[in-house]
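Given next are the chains, with one letter for each unit.
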Amino acid sequence: MTLPPARQFTGSGPQLEEMSRPSSAGAGAGAGGLGAGKAGGGKHGGSGGAAAAAAAAAAAAAAAVAAGVSSVAGSGSATPSSAVSLTSAGLPGQSPELTALFECPVCFDYVLPPILQCQAGHLVCNPCRQKLSCCPTCRGPLTPSIRNLAMEKVASTLPFPCKYSSAGCLLTLHHSEKPDHEEVCEFRPYTCPCPGATCKWHGSLEAVMPHLMHAHKSITTLQGEDIVFLATDINLPGAVDWVMMQSCFSHHFMLVLEKQEKYEGHQQFFAVVLLIGTRKQAENFAYRLELNGNRRRLTWEATPRSIHDGVAAAIMNSDCLVFDTSIAHLFADNGNLGINVTISMC
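This write-up is about the structure you can find in this document. (Residues numbered from 1 in each chain as written. Predicted model: local features only at pLDDT ≥ 70, side-chain atom pairs only at ≥ 80, totals over all residues. Heavy atoms only, no water.)

1. Some points on the overall build of the protein chain
The cut-off we apply is this: Secondary structure elements are taken from DSSP: a helix is a run of H or I of four residues or more, a strand is a run of E of two residues or more, and numbering for both begins at the N terminus. For each residue, the accessible area found with a 1.4 Å probe, counting protein chains only, is set against the maximum for its type, and the residue is called buried under 20%, exposed over 50%, and partly exposed in between. Exposure was quantified through the Shrake-Rupley algorithm and a 1.4 Å probe, taking into account, for residues, occlusion by the shown protein chains and nothing else.
When you go through the protein chain residue by residue, the secondary structure sums to nine helices and 21 strands. Looking at the protein chain as a whole, 46% of its 346 residues are labelled buried. Of the roughly 16,800 Å² that the protein chain leaves accessible, carbon and sulfur atoms contribute 54%.

2. Observations concerning the nonpolar core
Condition: Definition used in this section: a nonpolar core is a set of buried Ala, Val, Leu, Ile, Met, Phe, Trp, Tyr and Cys residues joined via side-chain atoms within 4.5 Å. Pairs of residues are marked as contacts when any of their non-hydrogen atoms sit within 4.5 Å.
The biggest cluster of nonpolar side chains holds 52 residues, and the ones touching the most others in it are Leu-212, Phe-229, Met-254, Leu-257, Ile-276, Ile-339 and Val-341. Not counting residues within four places of it along the chain, the set of residues in contact with Met-254 comprises Pro-193, Cys-194, Leu-212, Val-243, Met-244, Met-245, Val-272, Val-273, Leu-274 and Ile-276. Phe-102, Cys-104, Cys-128 and Val-154 belong to the second-largest nonpolar core, a separate cluster that totals 17 residues.

3. A word on the packing of aromatic side chains
Just so we agree on the cut-off: Any two rings among Phe, Tyr and Trp, with Trp reduced to its six-membered ring, count as a pair given centres within 6.5 Å; such a pair is stacked if its planes are under 30 degrees apart, edge-to-face if over 60, and tilted if neither.
Following the criterion strictly, the structure yields six aromatic pairs and no others. Judged by centre distance (5.2 Å) and plane angle (85°), the ring pair of Phe-253 and Phe-285 falls under edge-to-face. One end of the pair, Phe-253, is in strand S15 (residues 251-263); the other, Phe-285, is in strand S17 (residues 285-293), with 32 residues separating them in the sequence. Like Phe-253, the residue Phe-285 is buried in the burial classification. Taken together, the ring pairs connect Phe-102, Tyr-110 and Phe-160 into an aromatic cluster.

4. Considering the pattern of salt bridges
Counted only if it meets this: Salt bridges are defined as contacts in which a side-chain nitrogen from Lys or Arg sits within 4 Å of a carboxyl oxygen from Asp or Glu.
Taken as a whole and judged by the stated rule, the model has seven salt bridges. Its salt-bridge partner being Asp-109, residue Lys-178 comes within 4.0 Å of it at the nearest N-O pair. Of the two residues, Lys-178 sits in helix H5 (residues 178-184) while Asp-109 sits in the loop between helix H2 (95-100) and strand S6 (116-117), which places them 69 residues apart along the sequence. Ionic pairing is found between Arg-297 and Glu-290, a salt bridge with its closest N-O pair at 3.8 Å. Each of Asp-109, Lys-178 and Glu-182 takes part in salt bridges that share partners, so that together they form one network.

5. A closer look at the side chain of Asn-336
Which entries qualify depends on this criterion: Pairs of N or O atoms within 3.5 Å make up the polar contacts considered here, provided that, within protein, one atom can donate a hydrogen while the other can accept it, and that residues adjacent in sequence are counted only when both atoms are side-chain atoms.
Mapped onto the fold, Asn-336 is located in the loop between helix H9 (325-331) and strand S21 (337-345). Note on Asn-336: relative accessible area 11%, which makes it buried. Among the polar contacts made by the side chain of Asn-336, one reaches the main-chain amide nitrogen of Asp-233 at a distance of 3.2 Å.

6. Observations concerning helix H6 (residues 208-215)
The line we're drawing: Of all possible arcs, the one meant is that of the directions from the helix axis to the C-beta atoms.
Val-208, Met-209, His-211 and Leu-212 are the residues of H6 that are buried. Within H6, the buried residues cover an arc of 160° as seen down the axis, which keeps them to one side. Opposite the buried face of H6, at more than 90 degrees from it, the exposed residues are Met-213 and His-214.

7. Some details on the pairing of strand S16 (residues 266-275)
Filter applied, for reference: Two strands qualify as a pair provided DSSP detects at least 2 bridges between them.
Among the 10 residues that make up S16, eight are buried, leaving the element largely enclosed by the rest of the structure. Where S15 lies against S16, nine bridges are found, and the strand directions are antiparallel. Across the sheet, residue Lys-259 finds its bridge partner in S16, namely Phe-269. In textbook terms, the turn of a hairpin is the stretch between consecutive antiparallel strands, and for S15 and S16 this stretch comprises two residues, one of which, Gly-265, has a positive phi near 80°. Note that S16 and strand S20 (residues 321-324) share four bridges and pair antiparallel. Looking across to S20, one finds that Phe-270 is bridged to Val-322.

8. Section: the sheet that holds S17
Using the following cut-off: Orientation is described by lines fitted to C-alpha atoms, with helices fitted over the stretch in contact, and by angles between N-to-C directions that extend from 0 to 180 degrees.
With antiparallel pairing, four strands are arranged side by side in an open sheet as S13-S21-S17-S18. For this open sheet the edge positions go to strand S13 (226-231) and strand S18 (296-302), each flanked by a neighbour on one side alone. Within the sheet, the average angular offset between the axes of one strand and its neighbour, ignoring direction, is 25°.

9. What about the side chain of Arg-129?
Short version of the rule: Residues scored as positive are Lys and Arg, those scored as negative are Asp and Glu, and His as well as the terminal groups of each chain are ignored.
You can see Arg-129 is positioned in helix H3 (residues 126-129). Nearest to the buried, unbridged Arg-129 among oppositely charged side chains is Glu-152, at 11 Å. The contact partners of Arg-129, leaving out residues within four places of it in the chain, are Leu-116, Gln-117, Val-124, Leu-142 and Ser-145.

10. Some points on the environment of Ile-315
Structurally, Ile-315 can be placed in helix H8 (residues 310-316). On the basis of relative accessible area, Ile-315 is assigned to the buried category, the value being 6%. In sequence terms Ile-315 and Lys-262 are 53 residues apart; their C-alpha atoms lie 8.5 Å from each other.

11. Some words on the pairing of S13
Among the six residues in S13, five count as buried, and that is most of the element. Alignment of S13 against S21, held across six bridges, turns out to be antiparallel. Within the sheet, the bridge partner assigned to Asp-226 lies in S21 and is Thr-342.

12. Focus: unusual backbone geometry
The general pattern is negative phi for most residues beyond glycine and trans for most peptide bonds. A cis amide bond links Pro-113 to the next residue, Pro-114, at an omega of -5°. Among the structural elements, Pro-114 can be located in the loop between H2 and S6. Along the chain, Thr-143 connects to Pro-144 via a cis peptide bond; the corresponding omega equals 0°. Even without being glycine, Arg-139 reaches a positive phi, approximately 65°. Its place among the elements puts Arg-139 in the loop between H3 and strand S7 (146-147). What makes Arg-139 exposed here is its relative accessible area of 60%.

Next up, the structure:
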């Protein structure tokens, strides 16, 4: 076990790193606190002419679908449309040009079904449409809502790139699959992994650690795969967070202990380990949390979560070490709780 210079936890217990004081919702980040207190492109198309051109393309695509075949570029044979991959379906060789017609002139994301147009035929995506009072292209009225069925048919034959393609995602998907994929895409920007809602930072995975070191300097970092996480003053009222970083195996892990009322009137502690990395990288590790003292032992073993998933998801699903205040007092000493943390490679 690797331990830094420490204070005595009990009269005869192990030496432990003394964590800085936690931060609470009521008090915010105290002096030397552990993180924040818990408070709780592309070109644009979409002109009327573009819509008309796409409508003509839709007729050709619909005819191919009706015939049950799609031509494969570079071959003289026809293949049943159900067996053609998404990238060769519809109108081969024209996908980039056609998908460009679906770019929203406001946010540059794609206009996907259900597709609505203004009276002049211009398109805008549904999220942007809800915020606008007039068409961003011609300034004409957006009401009444006019459905563009031809463009919807074209959209159903095309693969669309992930919205995070500029960050490195190479996937192209059917429009119905895009939203679900983008919710979990590994190239989606990362948010600050610190608990609480005070830090609004977001950026690339490579920028997470520099952000933590610059903006959250009060978080203690320990080296080694076997350390002790000491949470001080666990009897503080209200919702409280304790945070520590652990570095081992050339990776960084965030250890989080939260006290909150998941159910009204019932305060609980939730302890979890997050990897500063992707979900795929997290699968290569395992962690063990152990409360040990007074001839009692409580252990939790699991795969660390990626910071993409966050602490809230782990707590919501109880995918972490969970114990109530009465259990905490069995292992605490003078209001301080030590948790043995061991990281291993699978």
